Amino acid sequence: MRRVLHIISRLFGAERAHSLSVLLLRIADKIPTCKWFLRKFYAVEDKALEREVFGLRFPNPIGMAAGYDRNGEIFRPLSALGFGFVEIGTVTPRPQQGNPKPRVFALPEDCAILNRIGLASKGLEAVLENVRKEHKGIILGCNIGKNTVTPPEEAAMDYLRVFRNLYQYIDYFAVNVSYNTTHKQYVPRTRESIMKILEPLFDFRRGQNQYRPILLKISPDLTNEEIDLMTDIMVDTPLDGIIATNATTHPQGLKTSQEVLRKAGSGAVSGSPLTERSIEVVRRVYERCNGTYPIIGVGGLMTGEDVKRMMEAGATLVQTYTGFVYNGLGFAGDLCKSLITPEAADAENSSETEKE
Ligand SMILES: Cc1cc2nc3c(=O)[nH]c(=O)nc-3n(C[C@H](O)[C@H](O)[C@H](O)COP(=O)(O)O)c2cc1C
């Protein structure tokens, strides 16, 4: 699979390879039998995988991370491939192009991706069209952000606009306050700047009949003090959880040559170089909140062993992006299989017997 990816991304460029996969999955979305076959071949269903988290019943704890289905076009086929939930976005209120291409680069020697997409989004209206359509049985998260041109003092309005308009169609929201590869200067890191974004969302939610969990997606490049600050915000306010982490702008120990990195240019790195750091961040959040809040662990989960370590560090659910790109269509199913340990299956069987 890695060789195939290497060849495809060399021939077409990593972003065109991604666009091609999105196109194929969009075609699959239109053909019910196709989704049926994907589910039959790739998805793994087992009671032992189910999780109840923030009031939602997840068929399994493996999710697709934000950025893969940016506009809510392919969450049905992704679900058919065995993902227990899909986080669409980042969605911005108005459409925006992001940075000039090329802006996504495969780093196969490191099992990594370097990107500086800069929140390319078709905008709220386009996403609304997609998520309005029936999607019963699929847990859909939405990652929300601000338009690049919106000045920081008006950022809260952008987040609220996307949140309010998508509220009834989405199961949980992820407020993206992690690194934005377009404009580095806007990364809210203080309590005041984060609360300015969150307060209007909490206020809007208070007036609704249905409850939608709100999570904060954080960067792996925060200092320990900043991670503690985000955790304390979660503990002190109606925030429901944390998603840790986004990609890193300070990857450690890359094997990719300096020449390749220089040609690619700046950006955020995801995949294997991120594994240890994202696990470390999750562990820090978990310990600070005494394990009382759900954490979605994401970053460099390339094997079942990585997922187990992430869960041992305190993640309730996990997500993957780069691991899926490198390991192929069956990745979610493979991770699920790795979680069905004999002990988990035994526990499930005994609770079934008790019910009878
Ligand atoms: C090409 C690309 C685009 C991404 N776009 C977004 C995005 O729009 N919003 C976001 O919150 N995270 C985005 N991410 C970050 C992923 O959701 C994830 O947090 C990160 O890649 C670490 O997970 P991974 O190592 O499994 O890829 C993107 C990642 C990649 C590789």
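Heads up: the structure comes first, above all this text.
Here the residue numbering is sequential within each chain, running from 1 through the sequence in written order. Reporting in this predicted model follows two pLDDT cut-offs: at least 70 for local features of residues, and 80 or more for side-chain atom pairs to be given and counted; totals over whole chains, interfaces and linings ignore these cut-offs and use all residues.

(A) Inspection of the overall build of the protein at higher detail. Here a helix means four or more residues in a row that DSSP labels H or I, a strand means two or more in a row labelled E, and each is numbered from the N terminus. Helix and strand counts for the protein stand at 14 helices and 13 strands. For the radius of gyration, the atoms used are the C-alpha atoms, and the globule rule reads 2.2 Å times the number of residues raised to 0.38. For a compact globule of 356 residues, the expected C-alpha radius of gyration is about 21 Å, and the protein comes in at 19 Å, within 12% of that figure. When its C-alpha atoms are laid out on the principal axes, the protein stretches across 60 × 50 × 40 Å. Out of the 356 residues belonging to the protein, those deemed buried represent 46%. Working definition of a contact: two residues with C-beta atoms, positioned from the backbone, lying within 7 Å. Sequence separation of 24 or more characterises 74% of the internal contacts of the protein that already satisfy a separation of 6 or more. Backbone-placed C-beta atoms define the burial measure: a residue is buried with 20 or more other C-beta atoms within 10 Å of its own, exposed with 12 or fewer, and partly exposed in between.

(B) Quick peek at the sheet that holds strand E11 (residues 268-271). The strand order E5-E6-E11 describes an open sheet built from three strands, whose pairing is antiparallel. Each edge of the open sheet carries a strand with a single partner, namely strand E5 (104-107) and E11. When strand polarity is set aside, the average angle formed by the axes of neighbouring strands in this sheet is 25°. Between any two strands, at least two bridges found by DSSP are needed for them to pair. The pairing of E5 with strand E6 (residues 112-115) spans four bridges and is antiparallel. Note that in E6 the partner of Val104 across the bridge is Asn115. Angular values range over 0 to 180 degrees, each being the angle between N-to-C directions of two axes fitted as lines to C-alpha atoms, with helices fitted over their stretch in contact. Sheet contacts for helix H2 (residues 14-30): E5 and E6; angle to E5, the most-contacted strand, approximately 100°.

(C) Seen up close, the sheet that holds strand E12 (residues 295-298). If you trace the eight strands once around the closed barrel, you get E3-E4-E7-E8-E9-E10-E12-E13, paired in parallel fashion. Across the sheet, the axes of successive neighbouring strands diverge by a mean angle of 25°, strand direction being ignored. Where strand E7 (residues 140-144) lies against strand E8 (residues 172-176), four bridges are found, and the strand directions are parallel. What sits directly across from Cys142, in E8, is Phe173. Each of strand E10 (241-244) and E12 is contacted by helix H10 (residues 275-288), which is oriented at about 165° to E12, the strand it contacts most.

(D) Quick peek at the environment of Tyr167. In this structure, Tyr167 sits in the loop between helix H6 (155-166) and E8. Each C-alpha atom of the pair Tyr167 and Gln210 lies 9.0 Å from the other, and the pair is 43 residues apart in sequence. Among all residues touching Tyr167, those that are not within four sequence positions of it are Gln208 and Arg212.

(E) How the structure looks around the packing of H6 against helix H7 (residues 191-206). One can describe the packing of H6 onto H7 by two numbers: an axis separation of 8 Å at closest approach and a directional angle of 30°. As H6 runs across H7, the sense of the crossing is right-handed. Contacts between H6 and H7 involve Ala155, Ala156, Tyr159, Leu160, Phe163 and Arg164 from the former and Lys196, Ile197, Pro200, Leu201 and Phe204 from the latter. Residue polarity is assigned by list, with Asp, Glu, Lys and Arg as charged and Ala, Val, Leu, Ile, Met, Phe, Trp, Tyr, Cys and Pro as nonpolar; anything else, Gly included, falls into the polar class. By residue class, the composition of the contact of H6 with H7 is nine nonpolar, no polar and two charged. Crossing handedness: left-handed means the near helix sits turned counterclockwise from the far one by under a right angle, and right-handed means the same turn made clockwise.

(F) Structural view of the nonpolar core. In this description, a nonpolar core means buried residues of the types Ala, Val, Leu, Ile, Met, Phe, Trp, Tyr and Cys, linked to one another by C-beta atoms lying within 7 Å. Membership of the largest hydrophobic core comes to 95 residues, with the highest contact counts inside it found for Val175, Ile242 and Val282. If near-sequence neighbours (up to four positions away) are discounted, Val175 is found in contact with Ile144, Tyr159, Ile197, Leu198, Ile214, Leu215, Leu216 and Lys217.

(G) Seen up close, the site of the ligand. Taken together, 26 residues surround the ligand, and among them Ala65, Gly67, Ser270, Tyr321 and Thr322 come closest. When residues of the shell around the ligand are traced back to their parent elements, those giving at least two are E6, E11 and helix H12 (322-327). Tallied by class, the residues present in the shell around the ligand amount to 11 nonpolar, 13 polar and two charged. Residues are counted as near a molecule or strand when the C-beta atom, derived from backbone positions, lies within 6 Å of that molecule or strand.

(H) Examining the pairing of strand E9 (residues 214-218) more closely. Where burial is concerned, most of E9 is hidden: five out of the five residues are buried. By the alternation rule, side chains of E9 split into Ile214, Leu216 and Ile218 and Leu215 and Lys217, which are all buried. Bridge count for E8 against E9 is four bridges, and the pairing is parallel. Within E9, the residue paired with Val175 across the bridge is Leu216. Sheet analysis places E9 next to E10, joined by four bridges and oriented parallel. The residue bridging Leu215 from the neighbouring strand is Gly241, located in E10. Whether a crossover is right-handed comes down to one check: with the strands pointing away from the viewer, does the path from the first strand over the helix to the second run clockwise; if it does, it is right-handed. As a crossover connection, the stretch from E9 through helix H8 (residues 224-236) into E10 is right-handed.

(I) Highlighting helix H13 (residues 331-339). All of the buried residues along H13 are Phe331, Ala332, Gly333, Leu335 and Cys336. Those residues of H13 that are buried lie in contact with helix H3 (32-42), strand E3 (62-64), helix H11 (304-313), strand E13 (317-320) and H12.

(J) Local environment of H6. What a helix should span is 1.5 Å times the count of its residues minus one. Taking 1.5 Å per residue, 12 residues should reach 16 Å; H6 reaches 17 Å between its end C-alpha atoms and fits that length. Lining the buried residues of H6 we find strand E4 (85-91), helix H5 (124-132), E7, E8 and H7.

(K) Region of interest: the environment of Lys133. You can see Lys133 is positioned in the loop between H5 and E7. Separated by 126 residues in the primary sequence, Lys133 and Glu259 have C-alpha atoms spaced 46 Å apart.

(L) Representation of the pairing of E4. With respect to burial, E4 is a largely interior element, seven of its seven residues being buried. Across two bridges, the pairing between E3 and E4 is parallel. Residue pairing for E4: Gly63 is matched across the bridge by Phe85. Handedness of the crossover joining E3 and E4 through helix H4 (residues 75-80) is recorded here as right-handed. The sheet contact formed by E4 and E7 spans five bridges and is parallel. In the strand pairing of E7, Val91 is matched with Ile144.

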